[in-house]
Amino acid sequence: MESIAACNWPVNRSSVDPLGGGDDAHIDQMAAGRQWLAAIPQPAAILSLRDEDDIFVLEANAAFTDSFRSRRISQIMEQVAAEWRDRVNSFIQSDRVCDSFELRRDGPLGPEYFMCTIGRLPVDGPAQFLFTAIDRTSDRTIEKNLRRELLSDGLTALPNRTGFGEEIDDRLSNTVWPDNAQFGIIAIDLSRFSRVNESLGPMAGDELLITVAKRLKSSLRQGDVLARIGGNDFAIFARLNNGLSDALHIVQRIREALSSPIRLSDLQIRVDCAIGCALSIDLQDDPDDVVRKAQAAVKIAKRSGKVEIYRNGVLKEAQRRFSIESRLREALAHGGLTLAYQPLIHLQTGEITGFEALARWNDPELGHVPPVEFIAVAEESGLITSLGRWAAYEAAQALSRWDVRFGQPLPVGVNVNLSPIQMARDDVASMFEEALRYSGIAGSRLTAELTESAIIADPDKARKLLFALKDLQMPIAMDDFGTGFSNLASLHSLPIDILKIDRSFVSSMAEDRDKAVIVRTILSLAESLNLKVTAEGIETQELALALQQMGCWQGQGYYFAKPMTEADAFDYWRARWNFETI
Ligand code: C2E
Ligand code: MG
Ligand code: MG
């Protein structure tokens, strides 16, 4: 604006008087214009044209002079003037009666905004235009502050989830990035935050969040953005010049920043956090997508206790887990699961001593879901208690149905698997008692298979449960033996009857001498402790014979039979009873 004024402002009125002649009518008109302008409180001026497109200020009021003319020419003002001239010129060239536009310029106290309007004056002779400007700077500042509140977290003053997205967009579009640059999102979840809130109150929780925010901020590099994207969730947007290694450096710094305890009133609290990272492939990646991936990684980190980097497929995994959980709930409610029965063979006589009951699930939508997958989801979601109850009842019922078909009790039992989570959450002893009573089966025919982890998790509870099962005459087997941490001696005081040597030792015993030594050691220790041993995963006759010679009591594996339906299992038994050989 100033530049226009500087070159066109009529300092010497007669030299620039566009009306040329200076006749009385025009002098009157200008005097009237001056009075009109003086009556307008905001900056206002009458503009005219010289040589078709050269705009100049014919008359201006004091507010206009204050706002636009009193400043010294600077580069910024020249830019503003150029923009202003373009806008005015394009209006003049158009056939519009009036126009308005916003003008932004850098003032001494920050950006200034003017809402400008321009309209045609109905005068004879050369065209004249009335220009007015309203200072909108304070409105814009209020808007900006409101927006900042909307985009930031009141407690830590960090950007919130929405603000984080805007900051990322701003960084991606307004900074210069090298060609091969990537960005990363590091998601941080404060693990014990809810406990602090519950036990010390929300004020302490707030204080903890503020301190953590400060410490996280100290681990940032210039240009990184820290945000609080949820109650106890923080996230960092980081520019990565060296891919993952840059991200891991930041993770290292976060760990260091949070390593010393935080003082909350009289307490020193150590902050635990789960960290998940996701890297963009290039700068075109959708930042929201990368944030979601980092959040998926942090969920896994919460379980694993390690820093997790998003792998392709993690989101799909999470979605699959979710659909497994909802379909499994449905299957449990409507009888969608079945039990398959795998024969257990007495290795010395070849007799079928019983069957292991293994859950099977063929879902109409998901198809066949392997037990390792749905048992893990059931354990995570708590559905394992109903699944476990169903399996115990169903196994006991299958025995009683076989007995009915055979006309008398079959000389076989069924093994039922127990999950450590089920043992922790459910009253497993009463469950078995009811299942046995309901089906009229002797406790000695139902073996409980449990794993070492169930005992390690809560030894006292496990001990009580095992003795309660013994009161029901149930045999107890230790499943997957050898894969856990317990030693045989520690099991000695527990009423365990059978050790099932894990498949990983048995199946490779022939090729791997170490595995064979382990199997032999387990067998001799079990003998001295008066425990029977079942070998899992016997896939060849060679293995069956080797284990027979080593004195192993019982075997199970594909060599004998794969798990089969209830009806097939009955036929399998009836076809072989009395004349088995291995
Ligand atoms: P597990 O209790 O150790 O069961 C033995 C697993 O080994 C079964 O897998 C069986 O099919 C498999 N298997 C048996 N012989 C062989 C062999 O010769 N070669 C090979 N490669 N595999 C063999 P499955 O049925 O997939 O079950 C996996 C696990 O799922 C079970 O391991 C058990 O921990 C769990 N599970 C199955 N049903 C239930 C259930 O009703 N409740 C609970 N809590 N867990 C269950
Ligand atoms: Mg088992
Ligand atoms: Mg097993």
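Because the structure is a prediction, the values reported are computed rather than measured.

Colleague: Help me get a handle on the nonpolar core, residues and values and all.
Modeller: If you look at the biggest cluster of nonpolar residues, it comprises 83 residues, and the most contacted ones within it are F432, L446 and L547. Among the elements that take part in this core, helix α14 (residues 384-406) stands out by supplying 9 residues, more than any other. Not counting chain neighbours up to four residues away, the residues in contact with L446 comprise A395, A396, L399, V414, V416, F432, L436, M474 and P475. Membership of the second largest hydrophobic core comes to 30 residues, among which are A204, V212, I269 and I275.

Colleague: Can you lay out the coordination of the magnesium ion (ligand 3) for me, pointing to particular residues and giving the numbers?
Modeller: Working reference: metal with six octahedral donors, ideal angles 90 or 180 degrees; metal with four tetrahedral donors, ideal angle 109.5 degrees. Taken together, D479 (OD), D480 (OD) and E536 (OE) make up the protein donors of the magnesium ion (ligand 3), found 2.0 to 2.3 Å from the metal. Sequence positions of the residues that donate to the magnesium ion (ligand 3) give the spacing D-D-x55-E. Between the magnesium ion (ligand 3) and the magnesium ion (ligand 2) the interatomic distance comes to 4.0 Å, and D479 is a ligand of both metals. Residue D479 is classed as buried on the basis of its relative accessible area of 7%. Under the relative-accessibility criterion, D480 is labelled partly exposed at 27%.

Colleague: Please give an account of the site of ligand 1 that cites residues and values.
Modeller: In the neighbourhood of ligand 1, 22 residues make up the surrounding shell, with E356, R360, D479, E539 and Y558 lying closest. The separation between an oxygen atom of ligand 1 and a polar side-chain atom of D479 is 2.9 Å. Isolated, ligand 1 exposes 800 Å² of accessible area, and the fraction of that covered by the protein chains is 85%. Looking at the shell around ligand 1, the elements that each hand over two or more residues are β14 (352-363), α13 (371-381) and β18 (476-481). For the shell around ligand 1, the per-class residue count stands at 9 nonpolar, 5 polar and 8 charged.

Colleague: How would you explain the sheet that holds strand β12 (residues 308-309) if you had to name every residue and give the values?
Modeller: Taken in spatial order, the 5 strands of this open sheet run β7-β8-β6-β11-β12, and their pairing is mixed. Edge positions in the sheet fall to β7 (225-230) and β12, since each of these pairs with one other strand and no more. Here 5 bridges tie β7 to strand β8 (residues 233-240), and the two strands are oriented antiparallel to one another. Directly across from V225, in β8, lies its bridge partner F237.

Colleague: Give a description of the confidence of the model for the protein chain that names residues and reports values.
Modeller: Per-residue confidence for the protein chain gives a mean pLDDT of 87; residues scoring 70 or more make up 91%. Every residue in residues 1-22 is under pLDDT 50, and counting partners more than four places away or in other chains gives 55 contacts.

Colleague: So what about α13? Which residues, and what values?
Modeller: Working note: α-helix, 3.6 residues per turn, so residues spaced by three or four point in the same direction. Looking at α13, one finds that the buried residues are F374, V377 and A378. Each buried residue of α13 sits inside an arc of 100 degrees when the element is viewed along its axis, so together they form one side. Looking one or two places after α13, you find G382, whose phi comes out positive at around 90 degrees.

Colleague: Explain the packing of helix α8 (residues 193-200) against helix α9 (residues 202-218) to me, using residue names and the numbers behind them.
Modeller: Axis separation between α8 and α9 bottoms out at 6 Å; the angle between their running directions is 145 degrees. Residues F193, V196, N197 and L200 of α8 touch α9, and the partners they reach there are P202, A204, G205, L208 and L209.

Colleague: Account for the pattern of salt bridges, with residues named and values stated.
Modeller: For the structure shown, the criterion picks out 31 salt bridges. The salt bridge involving D153 is made with R228; its shortest N-O contact spans 2.9 Å. Of this pair, D153 sits in the loop between α6 (137-151) and α7 (161-174) while R228 sits in strand β7, and the two are 75 residues apart along the sequence. Note on D153: relative accessible area 13%, which makes it buried. Assessed through its relative accessible area of 14%, R228 is described here as buried. With a closest N to O distance of 2.7 Å, D497 and K470 form a salt bridge. Separated by 27 residues along the polypeptide, D497 in the loop between α19 (488-492) and β19 (498-501) and K470 in helix α18 (residues 459-471) bring together distant segments of the chain.

Colleague: Can you tell me about the packing of aromatic side chains, naming the residues and giving the values?
Modeller: Taken as a whole and judged by the stated rule, the model has 11 aromatic pairs. For the pair F355 and W402, a centre-to-centre distance of 5.3 Å together with 50 degrees between the ring planes defines the contact as tilted. Highlighted residues: F355 in strand β14 and W402 in helix α14, separated in sequence by 47 residues. A single burial state applies to F355 and to W402, both of which are buried. Both rings, one in F570 and one in W573, keep their centres 6.4 Å apart while their planes meet at 40 degrees; by these two values the pair is tilted. Here F570 and its partner W573 are both found in helix α23 (residues 566-576), 3 residues apart, which amounts to about one turn of the helix. Just as F570 is buried, W573 falls in that class too. Within the aromatic cluster, the residues linked to one another by ring pairs are W177, F183 and F237.

Conventions adopted
- Residues numbered from 1 in each chain as written.
- Chains lettered and ligands numbered in written order.
- Predicted model: local features only at pLDDT ≥ 70, side-chain atom pairs only at ≥ 80, totals over all residues.
- Heavy atoms only, no water.
- Core = buried A, V, L, I, M, F, W, Y, C linked by side-chain atoms within 4.5 Å.
- Buried < 20%, exposed > 50% of the residue type's maximum accessible area, 1.4 Å probe, protein only.
- Helix = DSSP H or I, 4+ residues; strand = E, 2+ residues; numbered from the N terminus.
- Contact = heavy atoms within 4.5 Å.
- Donors = N, O, S within 2.8 Å, 3.2 Å for Na, K, Ca; no water.
- Near = heavy atom within 4 Å.
- Polar contact = N/O pair within 3.5 Å; in protein donor to acceptor, adjacent residues only side chain to side chain.
- Areas by Shrake-Rupley, 256 points an atom, 1.4 Å probe, with all protein chains shown as cover.
- Nonpolar A, V, L, I, M, F, W, Y, C, P; charged D, E, K, R; others polar.
- Pairing = 2+ DSSP bridges.
- pLDDT = per-residue confidence, 0-100.
- Arc of directions from axis to C-beta.
- Axes fitted to C-alpha atoms, helices over the stretch in contact; angles between N-to-C directions.
- Salt bridge = Lys/Arg side-chain N within 4 Å of Asp/Glu carboxyl O.
- Phe/Tyr/Trp six-rings, centres within 6.5 Å; stacked < 30°, edge-to-face > 60°.

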